[in-house]
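Listed here are the chains, written in short residue letters.
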Amino acid sequence: MKKNQIIDILESGQVGAEITVKGWVRTRRGSKNVSFIALNDGSTINNLQVVADAENFGEEILKHINTGAAIAATGKLVESTGSGQSVELQAGKIEIIGKADPDKYPIQPKRHSLEFLREVAHLRPRTATYSAIFRIRHKLIFAIHNFFNERGFYNIHTPIVTSSDAEGAGEMFRVTTLPMNDLPKTEEGQIDYSEDFFGKSTNLTVSGQLEGELFAMAMSRIYTFGPTFRAENSNTSRHLAEFWMIEPEVAFFDLNDNMDLAEEFLQYLIRYALDNCMDDLQFLSKRLQEEEKNKPADQRSMELIEKLRFVADNEFVRLTYTEAIDILKNSKQNKKGKFQYPIKGFGTDLQSEHERYLVEKKFQKPLILTDYPKEIKAFYMRMNDDNKTVAAMDVLFPQIGEIIGGSQREERLDVLESRMEEMNIPADEMQWYLDTRRFGGCQHAGFGLGFERLVLFVTGMGNIRDVIPFPRTPKNCEF
Ligand code: 4AD
Ligand code: MG
């Protein structure tokens with residue numbers, strides 16, 4: 001393919017070259033005699049300035065060069081006299097490919113709120129902010145595959161429609177072809193799923209982990225990267241009903257190996273963004289500073305690039321849940337009753353206010369919390385010798401809270417079976433899972449990274465709805 005995108009043109013800076021560029025008009029300004037068109041094709045945050053002398057173009061052409069219009073400009077690349085760009089295009093010919101009526105096109109060159117842009121999510125990638133976010137999102141996807149490929153992991157596509165509830169949390173979207181207004185019933189009056197498409201009750205996956213484990217028990221190092229679905233009614237800036245998750249699973253790994261992998265992985269991804277997305281990061285850093293300029297100084301975030309460097313270069317703090325509870329319980333915050341959910345002691349589930357206190361106030365570094373009480377974690381996590389805690393780990397990030405959740409897995413068949421019974425997980429439907437404990441079972445561990453939470457952190461955005469192309473949240477499924 002010919003390298004004729006704006007990113008290539010600006011990089012090559014070939015003064016004198018005769019070229020044609022196509023893109024969308026960001027702005028047009030100028031005088032009666034000359035127009036300066038900022039043209040962008042989404043390949044980079046930077047616009048190419050197209051200079052159009054009025055004497056070469058009639059009003060018939062110029063009047064259609066409005067924000068949002070698609071045009072093709074042909075001419076000579078010349079050195080730019082304006083600041084901030086090395087070259088500009090002296091247009092000899094301009095073709096209007098697609099008009100954008102300025103009275104109707106919703107995205108005008110002014111400051112739009114992110115809330116408004118969510119309503120026009122089909123057009124928001126035309127803005128500088130969103131195209132920067134989605135270029136970074138792409139680079140991170142690429143980096144994830146790179147990271148695992150370089151380390152001998154195989155990517156496994158786990159199913160999207162399943163009959164299991166991997167997390168045992170029951171927050172699933174049902175998949176069915178049964179007629180909603182005329183459901184077949186069994187003799188006992190229950191819905192008769194034997195008449196459903198798959199002959200049983202099915203749902204969208206909440207996690208690829210269980211199927212991932214089957215492959216780790218055969219190919220040693222695997223990872224999944226797919227969409228996951230949660231019907232939890234959490235209307236927060238950190239939750240989506242449809243999100244993407246990366247789940248590595250490794251045979252012969254224990255919890256420490258798992259923590260090392262998680263830390264290396266996150267630091268690699270952040271460094272990759274710093275090395276490959278600097279233009280976009282600089283833009284987003286300015287955007288964030290602009291957004292926060294009216295906040296009191298102590299409530300502003302750390303400058304974006306500095307924050308990313310800090311996390312990439314500093315070891316994460318590791319501590320057990322029990323240690324964390326002690327710190328929280330004895331904190332001024334808790335003693336003064338400033339937590340909405342007071343810390344009573346061992347067994348309290350950590351809320352985001354507690355996680356943020358630990359990460360942002362106490363340690364000011366990413367944190368890996370381990371060994372949670374068994375009651376607040378999933379059935380598959382390995383029981384510790386104290387019989388109270390499990391070999392779980394959560395990675396907590398500033399501003400984000402939990403970015404990774406994982407564990408060493410229970411590989412002992414008898415222990416796993418009794419945990420499943422305690423937690424009402426139907427063992428008869430999960431014999432396939434238990435088989436990996438029956439035949440060649442071994443120690444293994446893995447984790448899940450919420451992809452959008454990573455993108456949120458790297459871009460410095462505040463709401464998860466702004467880092468996925470078309471967010472799905474309670475009462476919202478547009479586009
Ligand atoms: O902690 P979770 O529920 O863990 C699992 O699903 C395990 N099966 C992972 C594993 O061990 N293989 O989810 C993992 C991560 C969370 O840490 C969070 O980053 C993200 O997925 N996540 C969400 N992201 C956006 N919206 C939601 N509703 C999310 N729920 C979890
Ligand atoms: Mg979790």
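Look above for the structure.
Residues numbered from 1 in each chain as written. Chains lettered and ligands numbered in written order. Predicted model: local features only at pLDDT ≥ 70, side-chain atom pairs only at ≥ 80, totals over all residues. Heavy atoms only, no water.

### Section: the pairing of strand E15 (residues 401-408)
- Counting buried residues along E15, six of its eight residues qualify, which places the element largely inside the surrounding structure.
- Hairpin connection of strand E14 (residues 389-397) to E15: three residues between the antiparallel strands, including Gln 399 at a positive phi of 70 degrees.
- Sheet analysis places E15 next to strand E16 (residues 444-450), joined by five bridges and oriented antiparallel. Residue pairing for E16: Gln 408 is matched across the bridge by Ala 445. (Buried < 20%, exposed > 50% of the residue type's maximum accessible area, 1.4 Å probe, protein only. Helix = DSSP H or I, 4+ residues; strand = E, 2+ residues; numbered from the N terminus. Pairing = 2+ DSSP bridges.)

### Quick word on the site of ligand 1
- The full set close to ligand 1 counts 24 residues, and Glu 167, Gln 209, Arg 230, Glu 247 and Glu 402 are the nearest of them.
- Within the side chain of Gln 209, a nitrogen or oxygen atom sits 2.7 Å from a nitrogen atom of ligand 1.
- In the complex, 93% of the free accessible area of ligand 1, which totals 630 Å², lies under the protein chains.
- Listed by contribution, the elements that provide at least two residues to the shell around ligand 1 are strand E11 (242-251), E15 and E16.
- Sorting elements by how many residues they give to the shell around ligand 1 places E15 first, with five residues.
- Here the shell around ligand 1 is composed, by residue class, of eight nonpolar, eight polar and eight charged. (Near = heavy atom within 4 Å. Polar contact = N/O pair within 3.5 Å; in protein donor to acceptor, adjacent residues only side chain to side chain. Areas by Shrake-Rupley, 256 points an atom, 1.4 Å probe, with all protein chains shown as cover. Nonpolar A, V, L, I, M, F, W, Y, C, P; charged D, E, K, R; others polar.)

### So, the packing of helix H12 (residues 413-422) against helix H13 (residues 431-438)
- The contact between H12 and H13 brings their axes to 9 Å, and the two run at 155 degrees. Comparing their axes, H13 and H12 come out roughly antiparallel. Together, Leu 413, Leu 416, Glu 417 and Met 420 of H12 and Tyr 433, Leu 434, Arg 437 and Arg 438 of H13 make up the contact between the two elements.
- In terms of residue class, the contact of H12 with H13 is made up of five nonpolar, no polar and three charged. (Axes fitted to C-alpha atoms, helices over the stretch in contact; angles between N-to-C directions. Parallel < 35°, antiparallel > 145°, perpendicular 65-115°, else oblique. Contact = heavy atoms within 4.5 Å.)

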